[in-house]
Structures are given as structure tokens and as C-alpha cells.
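Understanding the architecture of this molecule
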Amino acid sequence: MEHKKINFEIEVYESIDQLTKEDAWLLNEAKNVTQIAYAPYSHFQVGAMALLTNGKTVAGSNQENASYPVGLCAERVLLSAASSLYPGVPVESIAISYHNDNGKSDRPITPCGICRQTLVEYETRLQHPIRLILGGMEGKIFIIPKAGMLLPLSFSGDDMK
Ligand code: THU
């Protein structure tokens with residue numbers, strides 16, 4: 001028997017002022033996108049904005065439904081849009097922000113499990129890491145260099161070969 005250690009490092013910034021101009025811009029865009037979320041049930045609006053390697057940007061926001069499980073997270077709405085609008089173009093970075101009507105919005109949130117799985121498959125499919133820039137309306141910012149880091153030992157199509 002052997003022990004295997006799995007660890008990774010993320011960047012933690014005290015505020016948006018410490019980000020590069022480009023990252024700060026993308027995060028501010030994600031904050032704006034929260035306003036077009038459809039979240040009448042959770043009152044938790046999530047906004048995501050991607051920068052693609054061709055310089056284009058693509059937005060996504062959460063889209064809920066009265067039948068709750070039908071709802072989609074901002075990250076998967078974004079990746080579906082990116083794949084449809086710019087097929088084959090890798091995603092460089094995605095900024096994700098949120099506005100919580102019922103509480104504070106002052107710390108980063110990380111993608112849910114289903115979105116992590118979706119992000120990993122997008123990275124693998126287009127052979128390009130996706131940087132995540134995570135922050136609320138204020139407060140600390142996390143930068144994750146590669147979305148796949150959030151889902152170690154993930155299941156993939158290779159496992160079915
Ligand atoms: N949500 C996202 O859109 N992205 C996340 O990373 C976490 C959760 C959405 C799903 C649901 O509409 C609401 O936030 C509350 O869970």
C-alpha cells in the first residue's frame with residue numbers, strides 16, 4: 001500500500017485592485033452578468049464571463065425553473081453558449097461572481113460538482129486549461145490556474161475505453 005498526496009495551490013488576492021487589468025475587467029463583467037440571471041427561487045444570482053483564446057467573450061448566468069432540478073448553473077450555460085457560438089475555440093479564463101439577495105456576497109464561490117465535471121471535459125476536449133477567477137461583489141478573489149484542479153481523480157471518457 002502507498003499513500004498518494006493530491007494537492008494544489010491557488011492564488012488568493014485581498015481585493016479586485018490587486019488583479020491584472022484584464023482579470024479585473026473580466027470579473028467586473030461577471031458581476032454585471034449577475035443582473036441577467038433568472039433566479040426567482042434561490043434569489044442567488046450567478047454571473048460568469050469567459051475570455052476565449054480568439055479574444056471573444058461569452059456570458060452565462062444561472063437559469064432556474066419552477067421544477068428545481070431543471071435549473072442550470074451559470075457555468076454550464078456559459079460553456080454551452082461558448083461551444084455553440086465558437087465551436088473548437090478554447091476558453092482561456094472564466095470569471096464567476098454572484099449576488100445573494102438573502103445574504104452577503106463578499107467571498108468567492110466555487111463551481112458545483114456537476115459544473116466541475118463539465119469544465120474538466122471542456123478542458124480535455126479542447127486541450128487547454130481554463131483559469132477560474134472567483135469573487136463576490138467585494139472581498140477576496142481566488143484564481144484557480146486550471147479548473148480540473150477542483151476535481152481530482154475525475155471520471156472521463158478514457159475510463160470507458
Ligand atoms: N449556481 C450557479 O449558477 N453556479 C454555482 O457555481 C453555484 C450555484 C446557481 C444554481 C442555482 O440557480 C443557484 O445558484 C443556487 O444554488
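The structure this text deals with has already been given above.
Definitions and cut-offs
Residues numbered from 1 in each chain as written. Predicted model: local features only at pLDDT ≥ 70, side-chain atom pairs only at ≥ 80, totals over all residues. Heavy atoms only, no water. Helix = DSSP H or I, 4+ residues; strand = E, 2+ residues; numbered from the N terminus. Rg over C-alpha atoms; globule rule 2.2 N^0.38 Å. Buried < 20%, exposed > 50% of the residue type's maximum accessible area, 1.4 Å probe, protein only. Contact = heavy atoms within 4.5 Å. Areas by Shrake-Rupley, 256 points an atom, 1.4 Å probe, with all protein chains shown as cover. Near = heavy atom within 4 Å. Polar contact = N/O pair within 3.5 Å; in protein donor to acceptor, adjacent residues only side chain to side chain. 1 Å grid on protein atoms, 1.4 Å probe; cavity = no way out; pocket = protein on both sides within 12 Å on 5 of 7 lines; lining within 4 Å. Sits in = over half its atoms within 2 Å of the grid points. Points joined across faces, edges and corners; volume = space filled by probe spheres on them. Nonpolar A, V, L, I, M, F, W, Y, C, P; charged D, E, K, R; others polar. Phe/Tyr/Trp six-rings, centres within 6.5 Å; stacked < 30°, edge-to-face > 60°.

**Description of the overall build of the protein**
Summing up its helical and strand segments, the protein has three helices and six strands in all. Moving toward the C terminus, one meets the helices and strands of the protein in the order β-α-β-β-α-β-α-β-β. Here the C-alpha radius of gyration of the protein, 16 Å, is about what a compact globule of 161 residues would show, namely 15 Å. Referenced to the eigenvectors of the C-alpha coordinate spread, the extents of the protein come out at roughly 50 × 40 × 35 Å. Considering the protein as a whole, with its 161 residues, one finds that 40% of them fall into the buried category. Pairs at least 24 apart in sequence give 66% of the contacts found in the protein among residues at least 6 apart. Surface accessibility of the protein: about 9200 Å² in total, with carbon and sulfur atoms responsible for 53%.

**Observations concerning the site of the ligand**
In the neighbourhood of the ligand, the contacting residues comprise S42, F44, V46, N62, E64, C73, A74, E75, T110, P111 and C112. Within the side chain of E64, a nitrogen or oxygen atom sits 2.5 Å from an oxygen atom of the ligand. The side chain of E75 places a nitrogen or oxygen atom 2.6 Å from an oxygen atom of the ligand. Out of a free accessible area of 370 Å², the ligand has 75% covered by protein chains. One can see that the ligand is located within the largest pocket.

**A word on the environment of Q35**
For Q35, the position within the fold is in the loop between α1 (21-33) and β2 (44-52). Spatially, the C-alpha atoms of Q35 and G55 are 23 Å apart, while their sequence positions differ by 20 residues.

**Focus: the environment of Q127**
Its place among the elements puts Q127 in the loop between α3 (113-126) and β5 (131-135). Among the residues examined, Q127 registers a relative accessible area of 65% and is labelled exposed. Each C-alpha atom of the pair Q127 and S61 lies 25 Å from the other, and the pair is 66 residues apart in sequence. Within polar-contact distance, the side chain of Q127 engages the backbone oxygen of T124 at 2.9 Å.

**As for the layout of surface pockets**
Estimated volume of the largest pocket: approximately 270 Å³. Lining the largest pocket are 18 residues, and of these V46, N62, E64, L72 and C73 sit closest to its centre. Across the lining of the largest pocket, the residue classes break down as 11 nonpolar, five polar and two charged.

**Focus: the packing of aromatic side chains**
Under the definition given, this model contains two aromatic pairs. For the pair Y41 and Y68, a centre-to-centre distance of 5.5 Å together with 45° between the ring planes defines the contact as tilted. With Y41 in the loop between α1 and β2 and Y68 in the loop between β3 (57-61) and α2 (74-85), this residue pair connects regions lying 27 residues apart in the sequence. Residue Y41 is classed as partly exposed on the basis of its relative accessible area of 34%. Y68 gets classed as exposed once you look at its relative accessible area, which sits at 58%. Ring centres of F44 and Y98 lie 5.1 Å apart, and the angle between their planes is 20°; on these two criteria the pair is classed as stacked. Taken together, the residues F44 in strand β2 and Y98 in strand β4 (residues 91-100) connect sequence positions 54 residues apart. Its relative accessible area of 25% is what places F44 among the partly exposed residues.

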